[in-house]
Amino acid sequence: TPSKKYLKAIDSVNRQVFPVDVWLLDTNRIFVRDYLLKDSLLKRGDEILRINGISADEVLKKIKSCFASDGFNETYKKQNLQRDRFRYFYASAYGYGPAYTVDIKTLRGEQKTVDLKCLFSFADTLKIYVRRDTTILYKNSKATFKLDPENKNAAIVDVNNFLAKKW
């Protein structure tokens, strides 16, 4: 994890990031999961073909080259990019910017180019570092009972009493 000094410093910098949460299909296709600005330039399900003139395939190859995985396994990389972190990995690979030109293919099959403003990191709800888990309802040495952070109508029992932990 980042050092405390880094986390303190980064909290004071309002970075300009790509305003889209994505999900990946196959290994080289990017789709809009959530568009984080108030205008309606992108819709959930739109396919991102190019960002600033660079194909989705090339963007993903470059981003994935920035962090390690076990052998040729791509699962960790794909999951990390789909967990609201794409905008920060994109910035690591291509830099922060005030605007982005994005070529998309809509759900109706129309191709168009849109100019997106950035999302300022101070307005971003994603925090990359870990904080104390406030969803825990009960915990002892053998198990943790907590609310599912994605679905508040479900709960998780994490049993640590087996040979391996985290069952």
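Residues numbered from 1 in each chain as written. Predicted model: local features only at pLDDT ≥ 70, side-chain atom pairs only at ≥ 80, totals over all residues. Heavy atoms only, no water.

Novice: Go over the pattern of salt bridges, please, and point to the residues and values.
Specialist: A complete count under the given rule lists 8 salt bridges for this structure. Linking Arg-29 and Glu-47 is a salt bridge whose minimum nitrogen-to-oxygen distance equals 3.0 Å. Here Glu-47 lies in strand β4 (residues 47-51) and Arg-29 lies in strand β3 (residues 29-35), a separation of 18 residues in the sequence. With a relative accessible area of 29%, Arg-29 lands in the partly exposed category. For Glu-47, a relative accessible area of 9% translates into the label buried. A salt bridge links Asp-103 to Arg-50; the shortest N-O distance between them is 2.8 Å. Highlighted residues: Asp-103 in strand β6 (residues 99-105) and Arg-50 in strand β4, separated in sequence by 53 residues. (Salt bridge = Lys/Arg side-chain N within 4 Å of Asp/Glu carboxyl O. Helix = DSSP H or I, 4+ residues; strand = E, 2+ residues; numbered from the N terminus. Buried < 20%, exposed > 50% of the residue type's maximum accessible area, 1.4 Å probe, protein only.)

Novice: Residues and numbers for the nonpolar core, please.
Specialist: The biggest cluster of nonpolar side chains holds 30 residues, and the ones touching the most others in it are Phe-18, Val-20, Ile-48, Ile-63 and Phe-86. Those elements that place two or more of their residues in this core are β2 (20-25), β3, β4, α2 (56-64), α3 (75-94), β6 and β7 (111-117). When residues in this core are grouped by element, the largest group, 6 residues, is from α3. The residues touching Ile-63, leaving out its near neighbours within four places in the chain, are Leu-81, Phe-86, Phe-89, Tyr-90 and Ala-93. (Core = buried A, V, L, I, M, F, W, Y, C linked by side-chain atoms within 4.5 Å. Contact = heavy atoms within 4.5 Å.)

Novice: Outline the packing of aromatic side chains, supporting the account with residue identities and numerical values.
Specialist: Scanning the model with the defined rule gives 7 aromatic pairs in all. Both rings, one in Phe-18 and one in Phe-86, keep their centres 5.9 Å apart while their planes meet at 65°; by these two values the pair is edge-to-face. Remark: Phe-86 occurs in helix α3 and Phe-18 occurs in the loop between β1 (16-17) and β2; sequence separation between them is 68 residues. Pair check on accessibility: Phe-18 and Phe-86 agree, each one buried. Pairing Phe-18 with Tyr-90 gives two aromatic rings, centres 5.7 Å apart and planes at 35°, and the pair type is tilted. Of the two residues, Phe-18 sits in the loop between β1 and β2 while Tyr-90 sits in helix α3, which places them 72 residues apart along the sequence. Taken individually, Phe-18 and Tyr-90 each receive the classification buried, so the pair is uniform in this respect. Among the aromatic residues, those joined into a ring-pair cluster are Phe-18, Phe-86, Tyr-90, Tyr-94 and Tyr-100. Lying over the aromatic face of Tyr-94, Lys-62 brings its terminal NZ or CZ to 4.6 Å of the ring centre. (Phe/Tyr/Trp six-rings, centres within 6.5 Å; stacked < 30°, edge-to-face > 60°. Lys NZ or Arg CZ within 6 Å of the ring centre and 35° of its normal.)

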